[in-house]
Amino acid sequence: MGKIKTHKASAKRFSVTGTGKVKINHCHHRHNLGLKDAKRKRHLRSSAILSASMTATARHLIQK
């Protein structure tokens, strides 16, 4: 039986914190930024914690 491979697309998007939570970056911060106000862009810069229902799926994909 072979090794379980890491899903590389997910590994580039998710990271696991020291306490086991899954950290993600916000979307909608690549282009058309002139249409978005400064407050919205400022909040999109920071990272976020993945919801509890999606955490198990993401951790299985990145397998750290």
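Residues numbered from 1 in each chain as written. Predicted model: local features only at pLDDT ≥ 70, side-chain atom pairs only at ≥ 80, totals over all residues. Heavy atoms only, no water.

Asker: So what exactly am I meant to see when it comes to the overall build of the chain here?
Answerer: Of regular secondary structure, the chain possesses three helices and three strands. For the chain, the α and β elements follow one another from N to C terminus as α-β-β-α-β-α. Computed over its C-alpha atoms, the radius of gyration of the chain comes to 15 Å, more than 25% above the 11 Å expected for a compact globule of 64 residues. In terms of its C-alpha atoms, the chain occupies a principal-axis envelope of roughly 50 × 25 × 20 Å. Burial analysis of the chain (64 residues in total) assigns 17% to the buried set. Residue pairs at least 24 apart in sequence account for 51% of intrachain contacts in the chain once pairs closer than 6 positions are excluded. Here the chain displays about 5600 Å² of accessible surface, and carbon together with sulfur accounts for 55% of that area. (Helix = DSSP H or I, 4+ residues; strand = E, 2+ residues; numbered from the N terminus. Rg over C-alpha atoms; globule rule 2.2 N^0.38 Å. Buried < 20%, exposed > 50% of the residue type's maximum accessible area, 1.4 Å probe, protein only. Contact = heavy atoms within 4.5 Å. Areas by Shrake-Rupley, 256 points an atom, 1.4 Å probe, with all protein chains shown as cover.)

Asker: So what exactly am I meant to see when it comes to unusual backbone geometry here?
Answerer: The phi dihedral of H28 is positive, around 70°, even though this residue is not glycine. According to the relative accessible area criterion, H28 is exposed, its value standing at 54%. Notably, N32 is not glycine yet its phi reads approximately 55°, a positive angle. Within the fold, N32 resides in the loop between β2 (22-25) and α2 (38-45).

Asker: Whenever I open this one, the side chain of T55 confuses me. Can you help?
Answerer: Tracing the chain through its elements places T55 in helix α3 (residues 52-62). Judged by relative accessible area, which is 15%, T55 ranks as buried. Discounting residues that sit within four places of it in the chain, T55 has contacts with V22 and L50.

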